[in-house]
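Spelled out from the first residue to the last, the chains are:
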Amino acid sequence: MKAHHKEVSPTHNRSWKKVVALLALGLQKIVSKVMETEGKKETQMLTPSAPVDKVVHDRPIEETPLLKIEDSTPRDFNISKGMLKVSPAVSTRTQPVQQNNLFSSNKRVALGGADFSRTGKLANIVFAYMASIIALLSIIFYFGSGDSLYLWLTTGLLAFALPLFVYVYRVKHYTSEVLRVDFFRNTGLVTFPIGNNEGSFSLTLDEVELYIVKVSSGKGVRHNLAFLAPLRYPKTLKRQTLYSTDWEPKDMDSSVQLWSEIHRFMDTTQPIPSSFYKGWQETIESPYLDHQDHIQILGEDLIKQAPFYDLKNNRPLDKVFW
C-alpha cells in the first residue's frame, strides 16, 4: 500500500512561512527581553550604581539561638582533598594581624562572600524559554502537517526545558548572591544564613571549621579562597553547603593568624585584638558612609570611643577595647 502524502498548496505554504517569520520575530524579542530582565535582577546587588565600598546589609543583623542537637544532623559531605583545614594557634599571644580588614564592630565579626557563578546558573532560564517556544512552534507545525517528527521534537524539547526550569528555580530560591556569617562576641555563637537569606542557624565557635583552597584564575595566576564549614546543620535544611568568604588569605600562616584573631575576638576573657581597630577607623573615615551607616555598622557606643587607629602611620592607638 502506498503511503499517503498530504499536498500543500503554494498559498498554504506562503501562509506558513509568514507564521514562522512572525513567530521567529516574537521569539527573538522574548529572548532579548528575558535576558535583559534576568541580567538586571541578578546584577542589581553585585553591581553598584557607583564604584563605592558601601555595605549592603543583605540580612538583618540578629543572632539565632543555638541550634539544638535533636534538631540538627551532622555534616553529610566530605571535604575535598585539595582543601586544607586551618587551626587556630595554641598560644593566644600570637603576632597581631596588621592587615585585618574584616567587617566588624566590638560586638561581632562578619565573614561573607558573593557567589558570582549564581548569575550564570540563573541565565540558563533563557535556554529553557527558547526550548519551550520552539516546542510550541513544533506542536503547531505538527497539527498543520501531521508529520510525527514535530511531535518527537516537541517531546524532546520539553524533556530538556522542564528539568532546566526546576534547576533554575532551586538555584534562585535556595541560594543567594551574598551570604554573611556572623561571629557574636558576647555569646560565642556563629550564625549562618539559610538558603537565600530566608533564615539562619547558630553554632558554637568550636563547631565551625575554616578551610582554604588554592584555585587558578587563569594565565598561571593562583590564589587562595577561604570557606567556613559547620560540623552540623538543621535537619530541615534541604542542602548542606560550605560558606565561601571574600577574604583571600596569602598562605597558611596568614590564615592561621587571622583565624586565631577571630578566636581571640570571641574570647570575652581577653580584650578585642588591636588588628580590628583599623577596620573601625576606616569605616569612620570612609567618604562613602554617612553617620547612619556608622551607627548601623559599629553602633553608637563604639563610635563615641573613636578614634581607634592612626591610618596615616598605620598603627593602632594606645587603647584597649572589650
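Our subject is the structure that appears above.
To start, this report covers the structure provided alongside it.

The rules we used
Residues numbered from 1 in each chain as written. Predicted model: local features only at pLDDT ≥ 70, side-chain atom pairs only at ≥ 80, totals over all residues. Heavy atoms only, no water. Helix = DSSP H or I, 4+ residues; strand = E, 2+ residues; numbered from the N terminus. Buried < 20%, exposed > 50% of the residue type's maximum accessible area, 1.4 Å probe, protein only. Contact = heavy atoms within 4.5 Å. Axes fitted to C-alpha atoms, helices over the stretch in contact; angles between N-to-C directions. Parallel < 35°, antiparallel > 145°, perpendicular 65-115°, else oblique. Left-handed = near helix turned anticlockwise from the far one by under 90°. Nonpolar A, V, L, I, M, F, W, Y, C, P; charged D, E, K, R; others polar. Core = buried A, V, L, I, M, F, W, Y, C linked by side-chain atoms within 4.5 Å. Phe/Tyr/Trp six-rings, centres within 6.5 Å; stacked < 30°, edge-to-face > 60°. Lys NZ or Arg CZ within 6 Å of the ring centre and 35° of its normal. Expected span 1.5 Å × (residues − 1). Lys, Arg positive; Asp, Glu negative; His and termini not counted. Salt bridge = Lys/Arg side-chain N within 4 Å of Asp/Glu carboxyl O. Polar contact = N/O pair within 3.5 Å; in protein donor to acceptor, adjacent residues only side chain to side chain.

### Focus on the environment of phenylalanine 77
Thought 1: Its location among the elements puts phenylalanine 77 in the loop between strand S1 (72–74) and strand S2 (84–86).
Thought 2: The class of phenylalanine 77 is partly exposed, set by a relative accessible area of 23%.
Thought 3: When the C-alpha positions of phenylalanine 77 and glutamine 240 are compared, they lie 7.9 Å apart, and in sequence the two are 163 residues distant.
Thought 4: In contact with phenylalanine 77, other than residues within four places in its own chain, are Tyr233, Gln240, Thr241 and Leu242.

### Digging into the packing of helix H6 (residues 277–285) against helix H7 (residues 291–298)
Thought 1: As a packed pair, H6 and H7 sit with axes 9 Å apart at the nearest point and diverge in direction by 160 degrees. One finds that H6 runs roughly antiparallel with respect to H7. The crossing of H6 and H7 is right-handed. Residues Trp280, Thr283 and Ile284 of H6 touch H7, and the partners they reach there are His294, Ile297 and Leu298.

### Re the packing of helix H3 (residues 125–145) against helix H4 (residues 148–174)
Thought 1: Two elements in contact, H3 and H4, have axes separated by 8 Å at closest approach and are oriented at 160 degrees. Classified by the angle their axes make, H3 and H4 are roughly antiparallel. Pair H3 / H4 crosses with left-handed handedness.
Thought 2: Of the residues in the contact of H3 with H4, the class split is 20 nonpolar, five polar and no charged.

### A look at the side chain of threonine 245
Thought 1: For threonine 245, the position within the fold is in the loop between strand S11 (243–244) and helix H5 (252–266).
Thought 2: Note on threonine 245: relative accessible area 7%, which makes it buried.

### Some thoughts on the nonpolar core
Looking at soluble globular proteins, one finds that nonpolar side chains tend to be buried together.
Thought 1: Counting 40 residues, the largest nonpolar core has Phe183, Phe192, Leu228, Trp259 and Trp280 as its most contacted members.
Thought 2: With five residues, H5 is the largest single contributor of residues to this core.
Thought 3: Membership of the second largest hydrophobic core comes to seven residues, among which are Leu122, Ile125, Val126 and Ala128.

### Considering the packing of aromatic side chains
What characterises a pair of aromatic rings is the spacing of the ring centres plus the angle enclosed by the ring planes.
Thought 1: Applying the stated criterion across every chain yields a total of 14 aromatic pairs.
Thought 2: Geometrically, the ring pair formed by tyrosine 129 and phenylalanine 165 is edge-to-face, given 5.5 Å between the ring centres and 75 degrees between the ring planes. Here the residue tyrosine 129 occupies a position in helix H3, and phenylalanine 165 occupies one in helix H4, the gap between them amounting to 36 residues.
Thought 3: Counting every residue linked through ring pairs, the aromatic cluster contains Phe77, Phe192, Phe201, Tyr233 and Tyr243.
Thought 4: Seen from the ring of phenylalanine 77, arginine 75 lies directly overhead, with NZ or CZ sitting 5.9 Å from the centre.
Thought 5: The ring centre of phenylalanine 265 lies 5.8 Å from the NZ or CZ of arginine 185, which sits over that ring.

### Focus on H3
Thought 1: Look at H3: 30 Å from first C-alpha to last across 21 residues, which is about the 30 Å you get at 1.5 Å a residue.
Thought 2: Every buried residue of H3 is listed here: Ile125, Val126, Ala128, Ala131, Ile133, Ala135, Leu137, Ser138 and Phe141.
Thought 3: Positive backbone phi, approximately 75 degrees, marks glycine 146, located one or two places after H3.

### Here's the deal with the side chain of arginine 185
Thought 1: Assignment of secondary structure puts arginine 185 in the loop between strand S5 (178–184) and strand S6 (189–194).
Thought 2: The buried charged residue arginine 185 lacks any salt bridge partner; its closest oppositely charged side chain belongs to aspartate 267, at an N-O distance of 6.6 Å.
Thought 3: In this structure the side chain of arginine 185 is engaged in a polar contact, spanning 2.7 Å, whose partner is the backbone oxygen of glutamine 270.
Thought 4: In this structure arginine 185 touches Asn106, Lys107, Arg264, Phe265, Met266, Asp267, Thr268, Gln270, Pro271, Ile272 and Trp322, once residues within four positions along its chain are discounted.

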